[in-house]
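Here is what each chain is made of, one letter per residue.
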Protein chains: 2
Amino acid sequence: MFKMNENYLKLPGSYLFSTIGKKVNAFAQANPDKKIIRLGIGDVTQPLAPAVIEALHKAVDEMGKAETFHGYAPDLGYEFLRKAIVEHDYQARGCQISVDEVFISDGAKSDSGNIGDIFALENKIAVCDPVYPVYVDTNAMAGRTGEYNEELQKWSDVIYMPCTEETNFAPELPSKEPDLIYLCFPNNPTGSTITKKELQKWVDYALKVGAVIIYDAAYEAYITEEDVPHSIYECEGATACAIEIRSFSKNAGFTGTRLGFTVVPKELKCKGTTLHSLWARRQGTKFNGAPYIIQRAGEAVYSEEGQKQTKEQIGYYMKNAKVICEGLTLAGYTVSGGVNAPYIWLKTPDKMSSWEFFDYLLEQANVVGTPGSGFGPSGEGYFRLTAFGSYENTLEAVERIKKL
Amino acid sequence: MFKMNENYLKLPGSYLFSTIGKKVNAFAQANPDKKIIRLGIGDVTQPLAPAVIEALHKAVDEMGKAETFHGYAPDLGYEFLRKAIVEHDYQARGCQISVDEVFISDGAKSDSGNIGDIFALENKIAVCDPVYPVYVDTNAMAGRTGEYNEELQKWSDVIYMPCTEETNFAPELPSKEPDLIYLCFPNNPTGSTITKKELQKWVDYALKVGAVIIYDAAYEAYITEEDVPHSIYECEGATACAIEIRSFSKNAGFTGTRLGFTVVPKELKCKGTTLHSLWARRQGTKFNGAPYIIQRAGEAVYSEEGQKQTKEQIGYYMKNAKVICEGLTLAGYTVSGGVNAPYIWLKTPDKMSSWEFFDYLLEQANVVGTPGSGFGPSGEGYFRLTAFGSYENTLEAVERIKKL
């Protein structure tokens, strides 16, 4: 008789954004006359940049002719894309990453979930609290997190690194030694960042204790401040202890187009075996690459036109972020984030819980946000709004919240 | 100190097709004047059908305008595609599969690798021998296959079901009881199939012993004979014991376009928990869907024009299969497959090993095939040729082999 993976049964509720989706759909069906504004899920709304559209059409035409048709992609992804990535994202910032250390994928969610495959089950993970739920959930599904305590909203075998008002929403080095440290800067959901000097401390710590940092830089394109690093490889020694995950979802609006990549430096080893070889084997056996036409679209993001156009989009979203920050501050909310990230992190008023405030905002202002507690226990009493709506909707949402 | 997943170190060599790729590249570099014909990897060569190209262009245009832009796809995939699948692939064959039992993915390789996530590690797997290496390799990576015996080319905890000349390249019910049974019909690599009556025996067996059948139907579009089932759900009781994996790679040439789906019927349960809910959770947490434009391309495959055009492509490849079968039979080879599948399975001449014949064919005829032993120990002494080349190349390859 077959047995299921019972670790799945330990997971509390469904994936955060599925739950929100269901709640919002139920409200919409019960209130067909209300115009709901969605600032919950981190999904973009601006169309793909013209340079990207042009590249897509061109690649589609190639796929329609035998001479230029493309079948299975090379194992790591097309070199034209990996070259563009290395030049623009790494060499331009002085990071020594080579073209064959970049693995193209269908997105950062897949990679941050799948990367666990190459590590032993007995590794202990450390996560920022609050943080993107995929890190903890995927480790729970693999059986790496022990038991879940409903009351504390914590797993017994996870090292939580609280990011609170007191720590300026940044994590502090953990007191217990972790094996895998998930860091996400600019942080999802708080929008907080740390300086290069601070990140160097994490790299030094990982090297000292023999930990691997899984660095999620999905939001690096939103960084506006000078001393905030865009890649962990800007820090000395990081190629010996860090894997970096990147996405085209937020810097180029690819949430529905699906493209990302992961850097596994060859210097990163365990008992003489490179993690690069393990990840190559994992991807070579369980993945068949991102579509050719999408990889061409990714290449276009790095073209001169593509860079200009996607930077404009980011500017558009960051204007929204400013509108939210300023509006809510005026309305008396305590607000952070929104400077180096498209996320605004606000304290719920009147000691409301995160989900109470979610329902309140949905029912009273017809605005959807994300309950902070969905990102970890230290997110309780907080709420995330995203800057990914249209400018008009963002303005209207802020006006509605102000009037409450 | 972090620990890697040491199961990876037990894997013999690299993924089969990566090894072949490296060997062929080395030969090509050393012999730049030789025209190599690749009939090794199961990669298509015909361009995407005009109906698919049209749908892609249309969807790309939608992605370029805010009003028709698409961000994150719904969890299971777009309903327009799931509906088309259910109507054409299931309802039309009398199979009771509902739209919310279909999960759209980026391909059958990912799904057949990832499906293991929802099962406990202590399940015992049974596989046809020879078979597509992903089933065994991904289970080995998860730690489900015990130890590898180099001499026998077998894992200690895998139940091998030999498919040999004696069994007409079909598996027989195993003597040891498995928990998960991987079946692939039409079979990759042998091209063999079984009748509906024979498949019903497997369903009955799985129901009796409480096993789950993971049914890979990636090649169903190549079936020409009447009594060969296209879906396992044509068999009675299959919705209570089988998961079916499908691909657009071979029926519509999507190897470089990436689209597939997996059916997990809600009737399939373990201790009252549906495997559907586990797979929904797995995909919801570790995957963010196939690109919108690719899902539209998939929909176009089911349009009247799309069906006509893709059937023509399959006819083209099956003509190649015939050329190979007839040519090699004339040349004195013992050949099977090629009737309900794009694969031809031949016995190596003069008791050559599979890899010896691989080298011989590459060096003497500059034709690339796949060594049968790469698909399992019972594949030793056999060799796979694919019908996915161009007609001209296929003819030439056969002529070259005849002349050896």
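Residues numbered from 1 in each chain as written. Chains lettered and ligands numbered in written order. Predicted model: local features only at pLDDT ≥ 70, side-chain atom pairs only at ≥ 80, totals over all residues. Heavy atoms only, no water.

## Topic: the overall build of chain A
Reasoning step 1: For chain A, the count of helices and strands is twelve helices and 17 strands.
Reasoning step 2: Here the C-alpha radius of gyration of chain A, 21 Å, is about what a compact globule of 404 residues would show, namely 22 Å.
Reasoning step 3: By the burial criterion, 66% of the 404 residues in chain A qualify as buried.
Reasoning step 4: Within chain A, contacts between residues at least 6 apart in sequence are counted, and of these 73% link residues at least 24 apart.
Reasoning step 5: For chain A, the computed accessible surface area is about 14,800 Å², with 49% contributed by carbon and sulfur atoms. (Helix = DSSP H or I, 4+ residues; strand = E, 2+ residues; numbered from the N terminus. Rg over C-alpha atoms; globule rule 2.2 N^0.38 Å. Buried < 20%, exposed > 50% of the residue type's maximum accessible area, 1.4 Å probe, protein only. Contact = heavy atoms within 4.5 Å. Areas by Shrake-Rupley, 256 points an atom, 1.4 Å probe, with all protein chains shown as cover.)

## Quick look at the relation of the copies chain B and chain A
Reasoning step 1: Superposition of chain B onto chain A requires a rotation of 180° combined with a translation of 0.0 Å along the rotation axis, giving an RMSD of 0.0 Å. A rotation of that kind, with that shift, is consistent with a two-fold axis. For chain B, the minimum C-alpha distance to the rotation axis belongs to H57 of chain B and amounts to 3.1 Å.
Reasoning step 2: Most of the interface of chain B is mirrored in chain A, where 100% of its interface residues are also at the interface. (Least-squares fit on C-alpha atoms with pLDDT ≥ 70 in both.)

## Regarding the interface of chain B and chain A
Reasoning step 1: Taken together, the 83 residues of chain B in the interface contact 83 residues of chain A.
Reasoning step 2: The tally of links between chain B and chain A comes to six salt bridges.
Reasoning step 3: A salt bridge links K271 of chain B to E6 of chain A, with the nearest nitrogen and oxygen atoms 2.6 Å apart.
Reasoning step 4: Elements with a minimum of two residues in the side of chain B that touches chain A: α1 (7–10), α3 (50–63), α5 (108–114), α6 (134–142), β11 (269–270), α8 (275–286) and α9 (292–301) of chain B.
Reasoning step 5: Of the residues forming the side of chain B that touches chain A, the biggest block, seven residues, is contributed by α8 of chain B.
Reasoning step 6: Tallied by class, residues from the side of chain B that touches chain A come to 38 nonpolar, 26 polar and 19 charged. (Salt bridge = Lys/Arg side-chain N within 4 Å of Asp/Glu carboxyl O. Nonpolar A, V, L, I, M, F, W, Y, C, P; charged D, E, K, R; others polar.)

## Some details on the packing of aromatic side chains
Reasoning step 1: According to the stated counting rule, one finds 52 aromatic pairs over all chains in the structure shown.
Reasoning step 2: Geometrically, the ring pair formed by F80 of chain A and Y292 of chain A is edge-to-face, given 6.2 Å between the ring centres and 90° between the ring planes. Highlighted residues: F80 of chain A in helix α4 (residues 79–90) and Y292 of chain A in helix α9 (residues 292–301), separated in sequence by 212 residues.
Reasoning step 3: In this structure Y292 of chain A comes out as buried when scored by relative accessible area, which is 1%.
Reasoning step 4: With centroids separated by 5.1 Å and ring planes inclined at 70°, the aromatic side chains of W355 of chain B and F358 of chain B adopt a geometry described as edge-to-face. On the criterion of helical spacing, the pair formed by W355 of chain B and F358 of chain B is a turn pair, its members being three residues apart in helix α11 (residues 354–365). (Phe/Tyr/Trp six-rings, centres within 6.5 Å; stacked < 30°, edge-to-face > 60°.)

## What to know about the pattern of salt bridges
Residue and element names in this part refer to chain A.
Reasoning step 1: In this structure the tally under the stated criterion is 35 salt bridges over all chains.
Reasoning step 2: Between K23 and D359 there is a salt bridge, with the nearest N and O atoms lying 3.1 Å from each other. With K23 in helix α2 (residues 16–30) and D359 in helix α11 (residues 354–365), this pair connects stretches of sequence that are 336 residues apart.
Reasoning step 3: Connected through shared salt-bridge partners, D89, E220, E244 and R246 make up one network.

## As for helix α4 (residues 79–90) of chain B
For the α-helix, the turn length of 3.6 residues means that residues three or four positions removed from each other point alike.
Residues and elements named next belong to chain B.
Reasoning step 1: The end-to-end C-alpha separation of α4 is 15 Å, in line with the 16 Å expected for twelve residues at 1.5 Å each.
Reasoning step 2: Every buried residue belonging to α4 is among F80, L81, R82, A84, I85, V86, D89 and Y90, and all of these are buried.
Reasoning step 3: Check the buried side of α4 and you find it contacts β2 (102–105), β9 (242–247), β10 (260–263) and α9. (Expected span 1.5 Å × (residues − 1).)

## Notes on the nonpolar core
The tendency in soluble globular proteins is for nonpolar side chains to be buried side by side.
Reasoning step 1: In this structure, L275 and I293 of chain A together with L275 and I293 of chain B are the most contacted members of the largest nonpolar core, which totals 280 residues.
Reasoning step 2: Non-local contacts of L275 of chain B, meaning those with residues more than four positions away in its chain, are made with F2 and M4 of chain A together with I118, F119, V212, I243, V264 and L268 of chain B. (Core = buried A, V, L, I, M, F, W, Y, C linked by side-chain atoms within 4.5 Å.)

## Digging into the confidence of the model for chain A
Reasoning step 1: Confidence in the prediction of chain A, expressed as mean pLDDT, is 96, and 100% of residues score 70 or more.
Reasoning step 2: Interface confidence for the predicted complex, expressed as ipTM, amounts to 0.96; the pTM equals 0.97. (pLDDT = per-residue confidence, 0-100.)

## So, helix α7 (residues 196–209) of chain B
All names here are of chain B.
Reasoning step 1: Over its 14 residues, α7 extends 20 Å from the first C-alpha to the last, a length consistent with the 20 Å expected when each residue adds 1.5 Å.
Reasoning step 2: Three or more residues of α7 are buried, namely L199, Q200, W202, V203, Y205, A206 and V209.
Reasoning step 3: Packing partners of the buried residues in α7 comprise β6 (158–162), β7 (180–184) and β8 (212–216).
Reasoning step 4: Of the residues trailing α7, G210 is marked for its positive phi of about 75°.

## A word on the packing of helix α10 (residues 304–330) of chain B against helix α12 (residues 391–403) of chain B
Residues and elements named next belong to chain B.
Reasoning step 1: Following both chains from N to C, one finds α10 and α12 inclined at 10°, their axes separated by 10 Å at the closest point. Taken together, the axes of α10 and α12 lie roughly parallel to each other. Across the interface between the two elements, Y316, K319, N320, V323, I324, G327, L328 and L330 of α10 pack against Y391, E392, T394, L395, V398, I401 and K402 of α12.
Reasoning step 2: Classifying every residue of the contact of α10 with α12 by side-chain character gives nine nonpolar, three polar and three charged. (Axes fitted to C-alpha atoms, helices over the stretch in contact; angles between N-to-C directions. Parallel < 35°, antiparallel > 145°, perpendicular 65-115°, else oblique.)

## Observations regarding the pairing of β7 of chain B
Strand residues, when the strand is regular, have side chains that alternate between the two faces of the sheet.
All names here are of chain B.
Reasoning step 1: Across the five residues that make up β7, a large majority, five, are buried.
Reasoning step 2: Side chains L180, Y182 and C184 of β7 all project onto a buried face; the interleaved residues I181 and L183 project onto the opposite face, where all are buried too.
Reasoning step 3: The pairing of strand β3 (residues 125–129) with β7 spans three bridges and is parallel. Pairing of V127 across the sheet is with Y182, part of β7.
Reasoning step 4: One ladder, built from five bridges, connects β7 with β8; its direction is parallel. Bridge pairing in β8 links I181 to I213.
Reasoning step 5: Crossover connection from β7 via α7 to parallel β8: handedness right-handed. (Pairing = 2+ DSSP bridges. Right-handed = clockwise from strand over helix to strand, strands pointing away.)

## Some remarks on empty space enclosed by the protein
Reasoning step 1: One pass over the full model with this rule turns up four cavities of 30 Å³ or more.
Reasoning step 2: Around the largest cavity sit 17 residues that line it, and S110 and N114 of chain A together with D106, N114 and F287 of chain B are the ones nearest its centre.
Reasoning step 3: Elements with a contribution of two residues or more to the lining of the largest cavity: α5 (108–114) and α8 (275–286) of chain A together with α5 and α8 of chain B.
Reasoning step 4: Residues of the lining of the largest cavity, tallied by class, amount to two nonpolar, seven polar and eight charged.
Reasoning step 5: In this structure, the second largest cavity spans a volume of roughly 70 Å³.
Reasoning step 6: Around the second largest cavity, the lining residues are D89, A217, A218, E220, A221, R246, S247, F248, N251, F261 and Y302 of chain B.
Reasoning step 7: For the lining of the second largest cavity, a count of residues per class yields six nonpolar, two polar and three charged. (1 Å grid on protein atoms, 1.4 Å probe; cavity = no way out; pocket = protein on both sides within 12 Å on 5 of 7 lines; lining within 4 Å. Points joined across faces, edges and corners; volume = space filled by probe spheres on them.)

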